[in-house]
Amino acid sequence: MVTVALVGNPNSGKTTLFNRLTGSSQRVGNWPGVTVEKKTGKLRKHADVHIVDLPGIYSLTPYSPEEVVTRDFLSEVTPDMVINIVDASNLERNLYLTTQVMEMGVPVTVALNMVDIAESRAIAIDAGKLSAALGCKVVPICALKGEGVDRLIETVLAAVGQRPKHLEFSENTEKCITQIEKIITPRNNVSARWYAIKLIESDSLAEKVFKDKLGEIKPYIQALEKSADDTGEAIIADERYAAIGRITATARTEKKKDAVTKTDKIDRYLTNKWLGLPIFAGVLLVVYFFTIGNPEEAKWYNVGAYLTGLLNDYLSGPVYDACVSFLTDAGVSSTIIGLVCDGIVTGVGAVLGFLPQILVLFLFLSILEDCGYMARVCFVMDRIFRHFNLSGKSFIPLLVGTGCSIPGIMATRTIENDCDRRLTAMTTSFIPCSAKLPIISLIAGDIFGGSAWVALFSYFLGIFCVLISGIILKKWHSFAGEPSVFIMELPPYHAPRAWNVFKTTLDRGWAFVKKAGTIILLATILVWIFSNFNWSLNYTEDLNDSMLAGIGNAICVIFQPLGFGGDWRFTVATITGLIAKESVVDTFALLFEDGIVGFITSAAALAFLTFNLICAPCFAAIGAMKRELGTKGAGFAVLYQCLLAYAMGSIVYTVAGLCYGDPVLLSNIVLTVIALAVLGCLLFMKDPFKCINRGLPARSEVL
Amino acid sequence: MRTIKDLQNGDSATVVRVHGTGALRKRVLDMGLTKGAPVLIVKRAPLGDPIEIKVREYSLSLRSKEAELVEIERF
């Protein structure tokens, strides 16, 4: 059993190579304890070779979970061989990682990818000379076209076990490394040299491993730093790049200096001062046009919405009927038929019906990601988001969330900064997803005569809540953290790779289906039971007699300040919204024979809308949050969302109620004032974590 | 002290020193902004920030606050 690890920079073609090496034997999971994706597979035609795809990283610092996962894997598991995929058109920065991996002492084979792109920029790389200068085998490949991959596999299998050379730093630095190596003895397979270099860099994880020897080690490092007049980190980084420069000088020839690339030419328009934002808005509209939209009104070219409409009709029509007749013929009791058909098929079907829209959305997003445009989106939007303690990278999950919160929450994985990631995951559901559109349409249509500003209000409300949450939550200790490091590569554009795009789309679609299958199934069954049985656990046709009505009646009083507590049916509708937000509309259809007009005032309708848009999302989305935030995190998120929804609902009802002439009680006003005061305080109070959040030294350190 | 933030679009310069601490500084160094590295300022985002630069053959974007940490000198 041979274990081969795949290591490389983001955008170096690692995923493409991994797909080529493993084909359909890939399995996707999670590294234990972190939300970092783990991909493994078997090498094609070599079932005994196990390939592990490590996350795309630029370096081996202790600062991000991706880098730590890679370090841990290379030091604890010690693969038999590491394939380091290197982008030939970006040699120096890629070799920065290569040399660090080589220093760990694991055998390395360099797969030199994208040689064709380098050539198109008039850059030629001699693989043989590079191999000689670097001290390990270098195999040129084109992962995209599959060229050189067989030779790579041959070379890898032949070179198993061969320890690579390492970089030579300057005399002073080498002296320091030798001095430290004498003091430390690593207990794992990693070479002492790697640890010595990390200790010079003041690497916190390395310092933890050798904390009892630190006293002896520090003087040598301090001497080195004094002689170079710089910190250990900078010394190592400088010398590493210098050594790499000497290596590439032997192997790399550039026939034309600083050629203007195709990417530069495209970016002249896409990130143009005047055209950049309009083009971006245009892209959004295109995506929106093909995916979202009311499934009932969609034409065939609104692909996503149209297919969703078809699937919904199919599931609620032929499939439903087939279930009913099958079970009836089988002599199953009508109660069970009700459970299976009205409960499970309808409930789960309502959510599964979304699959086409979600697949089309994911398809577009994968294309945009794969071709390199997403990085430009972050680049363009960062300025706005920064002011609210989010980063441009938060924009994509929020954008995806307009279709469905679940992939939106899943998309937060790409955000490196842990606090930002969790904050974005918590606030993604504030943006109205396509499931909330029926609620918006219903309220707009029945209560406000089809006015368009109801939809506008909903979106602005969502954005507003996202922004203030960014400010408020940063003041909560578990979200305080160093400001996100934005520094981001803008990868060259390239045509989206069909296989990659389809694979990503299908993976995400499947994750959505799994989520629907498990959580929603459970929740649907529960709600069905509660709405069809009374407290004596007898089946009842009368909804007013059911347990759900009982619960509704008991709870509805808390919604009195929001204006819709008078009629228990609105509370029940809100509860059913937890299964799927569209259920709110279904519940109205079930409980109000002639619609909700006359049972709720305009102001209360607005408050109802507010509460349902902002409160906890559907169970499937809560499940996605649980996956990204952990159980405690998801619990906190739900609590926060419901509290914020309640506060906003109260404010909306009181203000709208006074405008519309509702009988607003004094208690409502008092509650609203309290809500405003609390929100105001949270927004404007001094940030107790200001120092951490701004990345400044703590006051005590300064003094 | 002149930093990347002070440069105009189209300017070239060489990195002199990287200031700051912690993860941000390490990231700046790791991405190739080390002593002696030539940089070219390409453009600023439509809203004025972040800044796109070319360093070591590739395009890097960084916020003005991050660019402030990189001391440069023009040649």
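All values derive from a computational prediction rather than experimental measurement.

## Observations concerning the overall build of chain B
Logical step 1: Scanning chain B from N- to C-terminus turns up two helices and five strands.
Logical step 2: Reading the helices (α) and strands (β) of chain B from amino to carboxyl end gives β-α-β-β-β-α-β.
Logical step 3: Taking 11 Å as the expected radius of gyration for a compact globule of 75 residues, we find that chain B reaches 11 Å, a close match to that expectation.
Logical step 4: By principal-axis analysis of the C-alpha atoms, chain B measures approximately 30 × 25 × 25 Å.
Logical step 5: Summarising the internal contacts of chain B: among those between residues at least 6 apart in sequence, 58% fall at separations of at least 24.

## A look at the sheet that holds strand S1 (residues 12-18) of chain B
Logical step 1: Spatial strand order, S10(A)-S4(B)-S3(B)-S2(B)-S1(B)-S5(B): six strands in an open sheet with antiparallel pairing. Every other strand in the sheet has two partners, leaving strand S10 (488-489) of chain A together with strand S5 (70-73) of chain B as the edge strands with one partner each.
Logical step 2: Bridge count between S10(A) and strand S4 (residues 58-62) of chain B: two bridges; the pairing is antiparallel. Residue pairing in the sheet places A:Met488 in a bridge with B:Ser61 of S4(B).

## Overview of the environment of A:Ala223
Logical step 1: You can see A:Ala223 is positioned in helix H10 (residues 214-228).
Logical step 2: Residues A:Ala223 and A:Asn172, spaced 51 residues apart in sequence, show a C-alpha to C-alpha distance of 9.7 Å.

## Regarding the confidence of the model for chain A
Residues and elements named next belong to chain A.
Logical step 1: Averaged over all residues, the pLDDT of chain A is 84; the fraction at 70 or higher stands at 92%.
Logical step 2: By mean pLDDT, the top-scoring element of chain A is strand S5 (residues 81-87) (95), and the lowest-scoring one is helix H31 (residues 699-702) (42).
Logical step 3: Of the regions scoring below 50 in pLDDT, residues 698-703 engages in three contacts with residues more than four places distant in sequence or in other chains.

## Some words on the nonpolar core
One recurring pattern in soluble globular proteins: nonpolar side chains tend to sit buried together.
All names here are of chain A.
Logical step 1: Counting residues in each nonpolar core, the largest one holds 204 residues, and the members touching the most others are Ala 111, Leu 112 and Ala 607.
Logical step 2: Counting residues per element, this core draws most heavily on helix H28 (residues 619-660), which supplies 17 residues.
Logical step 3: If we ignore the near neighbours within four places in the chain, the residues touching Ala 111 are Leu 17, Ile 83, Asn 84, Ile 85, Val 86, Val 139, Ile 141 and Leu 152.

## Re unusual backbone geometry
Logical step 1: With an omega of 0°, the peptide bond between B:Asp49 and B:Pro50 qualifies as cis.
Logical step 2: Relative to the helices and strands, B:Pro50 is located in the loop between strand S2 (38-44) and strand S3 (51-55).
Logical step 3: Although it is not a glycine, A:Met114 adopts a positive phi angle of roughly 60°.
Logical step 4: Along the polypeptide, A:Met114 turns up in the loop between strand S6 (108-113) and helix H4 (115-120).

## Concerning the sheet that holds strand S1 (residues 2-8) of chain A
All names here are of chain A.
Logical step 1: The sheet built from seven strands is open, its strands ordered S2-S3-S4-S1-S5-S6-S8 with mixed pairing. Among the strands making up the open sheet, the edge pair consists of strand S2 (27-30) and strand S8 (137-140). The average undirected angle you get between the axes of adjacent strands in this sheet is 25°.
Logical step 2: In the sheet, S1 pairs with S5 via five bridges, with the strands oriented parallel. Across the sheet, residue Val 7 finds its bridge partner in S5, namely Asn 84.
Logical step 3: Here helix H6 (residues 149-158) sits on the sheet and contacts S1, strand S3 (37-43), S5, S6 and S8; the angle it forms with S8, its principal contact strand, is near 165°.

## A few points about the domain arrangement of chain A
All names here are of chain A.
Logical step 1: Looking at the assigned domains, one finds that chain A contains domain 1 (2-158) and domain 2 (171-254).
Logical step 2: Every contact between the two is made by 21 residues of domain 1 and, on the other side, 21 residues of domain 2.
Logical step 3: The set of elements that each furnish at least two residues to the side of domain 1 that touches domain 2 consists of helix H2 (65-77), helix H3 (91-103), strand S7 (123-125) and helix H5 (127-134).
Logical step 4: A total of six residues in the side of domain 1 that touches domain 2 trace back to one element, the largest contributor, which is H3.
Logical step 5: Of the residues assigned to the side of domain 1 that touches domain 2, the class counts are twelve nonpolar, four polar and five charged.

## Focus: the packing of H5(A) against helix H11 (residues 232-251) of chain A
All names here are of chain A.
Logical step 1: Orientation of H5 relative to H11, taken along the N-to-C sense of each, is 150°, at an axis distance of 8 Å. Put simply, H5 runs roughly antiparallel to H11. Like other packed secondary-structure pairs, H5 and H11 cross with a definite hand, here right-handed. Counting all contacts with H5, which are made through Lys 129, Leu 130, Ala 133 and Leu 134, the residues of H11 involved are Ile 247, Thr 250 and Ala 251.

## Quick notes on H10(A)
Residue and element names in this part refer to chain A.
Logical step 1: With 15 residues, H10 extends 21 Å between its outermost C-alpha atoms, agreeing within 8% with the 21 Å of an ideal straight helix rising 1.5 Å per residue.
Logical step 2: Of all the positions in H10, only Ile 217, Tyr 220, Ile 221 and Leu 224 are classed as buried. Down the axis of H10, the buried side of the element spans an arc of 95°, and every buried residue falls inside it. Summarising the geometry of H10, the exposed residues directed more than 90 degrees from the buried face are Gly 215, Pro 219, Gln 222 and Lys 226.
Logical step 3: On its buried side, H10 packs onto helix H7 (171-183), helix H8 (192-200) and H11.
Logical step 4: Asp 229 occupies a position one or two residues after H10 and carries a positive phi of about 55°.

Calculation criteria
- Residues numbered from 1 in each chain as written.
- Chains lettered and ligands numbered in written order.
- Predicted model: local features only at pLDDT ≥ 70, side-chain atom pairs only at ≥ 80, totals over all residues.
- Helix = DSSP H or I, 4+ residues; strand = E, 2+ residues; numbered from the N terminus.
- Rg over C-alpha atoms; globule rule 2.2 N^0.38 Å.
- Contact = placed C-beta atoms within 7 Å.
- Pairing = 2+ DSSP bridges.
- pLDDT = per-residue confidence, 0-100.
- Core = buried A, V, L, I, M, F, W, Y, C linked by C-beta atoms within 7 Å.
- Buried ≥ 20, exposed ≤ 12 C-beta atoms within 10 Å, placed from the backbone.
- Axes fitted to C-alpha atoms, helices over the stretch in contact; angles between N-to-C directions.
- Domains from an automatic or database assignment.
- Nonpolar A, V, L, I, M, F, W, Y, C, P; charged D, E, K, R; others polar.
- Parallel < 35°, antiparallel > 145°, perpendicular 65-115°, else oblique.
- Left-handed = near helix turned anticlockwise from the far one by under 90°.
- Expected span 1.5 Å × (residues − 1).
- Arc of directions from axis to C-beta.

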